[in-house]
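Observations on the model geometry
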Amino acid sequence: MRRAALILAPWLALLAGWYGIHYSGLINPALVPTPHEVAKRFVELMRDRLPMDILMSTRRVFLGVLCGIALAVPVGFVLGWYKTIRTFIDPLINFFRALPPIALIPLVIVYFGVDELAKTVILFYASFFAGVIVMYEGISQISPIYVRVARTLGATDGEIFRKVIIPLAVPHMLTALRVALGVAWATLVASELIAAQQGLGALIQNAGSFFQLDIIYVGIICIGFIALLMDLGLRTLARRFVSWQERIA
Amino acid sequence: MSIGPPRIVFDKVSVRFDTPAGGQMHVVDDVSYHIHDREFVSVIGPSGCGKTTMMNIVAGFMQPTAGTVALDGQPISGPGPDRGVIFQEYGVFPWLSVRENIAFGLNLRANRTSPEEREEICQRYMRLMGLSDFADSWPRMLSGGMRQRLALARAYAVKPHFLLMDEPFGALDAQTRTAMQDLLLEVLAAEGKTVMLITHSVEEAVYLSNRIIVMTARPTRIREIIEVPFSYPRREGLHESKEFGELRAHVRGLVMQEYAQQAKQRQS
Ligand SMILES: Nc1ncnc2c1ncn2[C@@H]1O[C@H](COP(=O)(O)OP(=O)(O)OP(=O)(O)O)[C@@H](O)[C@H]1O
Ligand SMILES: [Mg+2]
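Notes on the structure follow.

Conventions adopted
Residues numbered from 1 in each chain as written. Chains lettered and ligands numbered in written order. Predicted model: local features only at pLDDT ≥ 70, side-chain atom pairs only at ≥ 80, totals over all residues. Heavy atoms only, no water. Pairing = 2+ DSSP bridges. Helix = DSSP H or I, 4+ residues; strand = E, 2+ residues; numbered from the N terminus. Contact = heavy atoms within 4.5 Å. Axes fitted to C-alpha atoms, helices over the stretch in contact; angles between N-to-C directions. Donors = N, O, S within 2.8 Å, 3.2 Å for Na, K, Ca; no water. Buried < 20%, exposed > 50% of the residue type's maximum accessible area, 1.4 Å probe, protein only. Salt bridge = Lys/Arg side-chain N within 4 Å of Asp/Glu carboxyl O. Buried area = accessible area lost by both parts, 1.4 Å probe. Polar contact = N/O pair within 3.5 Å; in protein donor to acceptor, adjacent residues only side chain to side chain. Nonpolar A, V, L, I, M, F, W, Y, C, P; charged D, E, K, R; others polar. Core = buried A, V, L, I, M, F, W, Y, C linked by side-chain atoms within 4.5 Å. Parallel < 35°, antiparallel > 145°, perpendicular 65-115°, else oblique.

**Topic: the sheet that holds strand β4 (residues 66-71) of chain B**
Residues and elements named next belong to chain B. One open sheet accounts for four strands, arranged β2-β1-β4-β5; its pairing is antiparallel. Each of the sheet's edge strands pairs with one partner strand only, and the pair in question is β2 (24-36) and β5 (74-75). Here two bridges tie β4 to β5, and the two strands are oriented antiparallel to one another. The partner of Ala70 across the bridge, within β5, is Pro75. Those strands touched by helix α1 (residues 51-59) are β1 (6-18), β2 and β4, and its axis lies near 125 degrees from that of β1.

Right, here's the structure in full:
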């Protein structure tokens, strides 16, 4: 009861603030649609194109993150485990990580065209670099004592990998996945700048050209909530898998 | 316990570490001694003198800069299940429960055991270490002393011939410590092991060992090797005997001198 109230309170405060701004007259009310207008528009759009937009965007994020993490985990692992390789590769990673995905869109169009592949590539790029950093920072902090202990108990290299390194890497994999998902949702609108007809980013783009502020709000709120739900799901998963940890990062 | 031939032989062992400043630190200086089969040797000396370093060489984690450490005539080249190590910082696996930690070694190919036997060994050591009520707890829920006992149980479970113990009882209260010392002596009497024990407790060294090696301040050399004349099995009452007291005073005197020496070096 108390918990529910505590969880709801910041959201209610946000709503109140939103109404406050609308009615305060500080900003032209026409520029700030009220929450109930946005809610009404949401219901309308749900009967129209919104389910398809959500589906397309979620699919793109999923695919991009899946491919990005599938590569980030082994690469991050190698960089974290082998300090010497890391010294040389680290600047390269930081170079590419610093490039905003939007800046790459023209190139991506040239090389990958304007359909699904291009969008997935952008999301892949964003989630790979976010994931790889989390992964190798985590792996490089693993204490070597556990490997030593396993060796003195007679473990072979294979056994050490399966029974010591994998369990220690799993929490970092889950964190990398969470960070990558967050970054991918944040990059979504940019990726859907590439001539997308469907998707939450496209919805926002279109609405922007027609100055339909309420639709823009619907799109933004949808992105926020879907990302939040995915994160919650991942955290539940993490709690199940790495309950040995003090705290789920 | 009857003592056999030399098994671990330190021959003119020196260790230097590179310092971050680009220089070198001389840690172990020309150390030679033997550890015989089924002997209990304690190593005692000022903090930071190089005791763990020497044990790491026997465990196979590092090579000396000069000289050799040989096991049965072969220079030690890596760790192995014949040498169980109890680390100063325990190294309890945080992702495994208490029971799974103890069973870890028994599940490895090197010492695979049947599930029944494994369960029996786990139960036995959990009972002996007072961990039965925590069989399914995560290590983070245990106290420091309990973690240390878990590390002991995990090492004992695979029955290595050599036990390399780096302050294995340091985190224990006085009562538990005595119980763990007696348990160790029982395990040794039953299984006939060879032990290298690093400790800061003179009392413990005198109570447990055949021989005590007192090390000097860094760069560490052998200050004196002391034979402990008491026969096994040793009993709690030994602590009160006159001979025990005299030996303890002698060893304590040496250790105190080395600590004083270390303090003097730091000032200069
Ligand atoms: N890998 C290493 N690299 C550089 N210096 C090291 C390394 N390992 C140990 N040393 C240094 O060697 C010295 C001896 O360390 P060691 O751990 O052997 O001491 P110790 O006798 O076990 O001390 P304590 O009783 O406090 O555990 C210390 O000054 C330590 O800083
Ligand atoms: Mg030490």
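**Focus: the coordination of the magnesium ion (ligand 2)**
Six octahedral donors at a metal ideally form angles of 90 or 180 degrees, and four tetrahedral donors ideally form angles of 109.5 degrees. Residues and elements named next belong to chain B. Protein coordination at the magnesium ion (ligand 2): the donors are Thr52 (OG1) and Gln88 (OE1), at 1.9 to 2.4 Å from the metal. With a gap of 36 residues between them, Thr52 in helix α1 and Gln88 in the loop between β6 (83-86) and α2 (98-103) connect regions that are remote in the sequence. Here Thr52 falls in the partly exposed class, since its relative accessible area comes to 28%. On the basis of relative accessible area, Gln88 is assigned to the partly exposed category, the value being 37%.

**Quick word on the pattern of salt bridges**
Once the charged atoms of two side chains with opposite charge are near each other, the side chains can pair. All names here are of chain B. Enumeration according to the criterion identifies 22 salt bridges over all chains in this entry. With a shortest N-O distance of 2.8 Å, Arg7 and Asp72 are connected by a salt bridge. In this pair, Arg7 sits in strand β1 while Asp72 sits in the loop between β4 and β5, placing the two residues 65 residues apart along the sequence. For Asp72, a relative accessible area of 45% gives the class partly exposed. Within this structure, Arg7, Asp37, Arg38 and Asp72 form a network of salt bridges that share partners.

**A short note on the interface of chain A and chain B**
Listed by partner, the interface residues are 21 residues for chain A and 27 residues for chain B. Between chain A and chain B, roughly 2100 Å² of surface is buried when both sides are summed, and carbon and sulfur atoms account for 68% of that area. The largest per-residue losses of area from chain A upon contact with chain B belong to Thr152, Leu153 and Trp244 of chain A, which jointly make up 33% of the total buried on that side. For the interface between chain A and chain B, the tally reads zero salt bridges. Counting across the interface, chain A meets chain B through four residue pairs in polar contact (both at pLDDT 80 or more). Of all the secondary structure elements, the ones that give two or more residues to the side of chain A that touches chain B are α7 (145-152) and α8 (157-191) of chain A. With seven residues, the top contributor of residues to the side of chain A that touches chain B is α7 of chain A. Partitioned by chemical class, the residues of the side of chain A that touches chain B number ten nonpolar, five polar and six charged.

**Observations regarding the nonpolar core**
Looking at soluble globular proteins, one finds that nonpolar side chains tend to be buried together. Counting residues in each nonpolar core, the largest one holds 157 residues, and the members touching the most others are Tyr156 and Met165 of chain B. The element contributing the most residues to this core is α8 of chain A, with 13 residues. Once residues within four sequence positions are removed from consideration, Met165 of chain B is found in contact with Met55, Ile86, Leu152, Tyr156, Leu184, Val195, Met196, Leu197 and Ile198 of chain B.

**Thoughts on the packing of helix α3 (residues 50-81) of chain A against helix α9 (residues 200-209) of chain A**
Angle between the axes and distance between the axes are the two parameters that describe a pair of packed helices. Residues and elements named next belong to chain A. Here α3 crosses α9 at 125 degrees, and the two axes come no closer than 7 Å. When the axis of α3 is compared with that of α9, the two are oblique. For the pair α3 and α9, the contacting residues are Leu50, Asp53, Ile54 and Ser57 in the first and Leu200, Gly201 and Leu203 in the second. Its residues placed into classes, the contact of α3 with α9 shows four nonpolar, two polar and one charged.

**Details of the sheet that holds strand β7 (residues 162-166) of chain B**
Residue and element names in this part refer to chain B. One open sheet accounts for six strands, arranged β6-β7-β8-β3-β9-β10; its pairing is mixed. Unpaired on one side and paired on the other, β6 and β10 (222-227) mark the two borders of the sheet. Ignoring which end each strand starts from, the neighbouring axes of this sheet average 15 degrees apart. Sheet topology note: the strand β3 (residues 40-44)/strand β9 (residues 211-215) ladder contains four bridges and is parallel. Residue pairing for β9: Ser42 is matched across the bridge by Ile212. Helix-sheet contacts for helix α7 (residues 242-267) involve β3, β9 and β10, and the interaxial angle to β10 is about 170 degrees.

None of this, on its own, says anything about what the molecule does.
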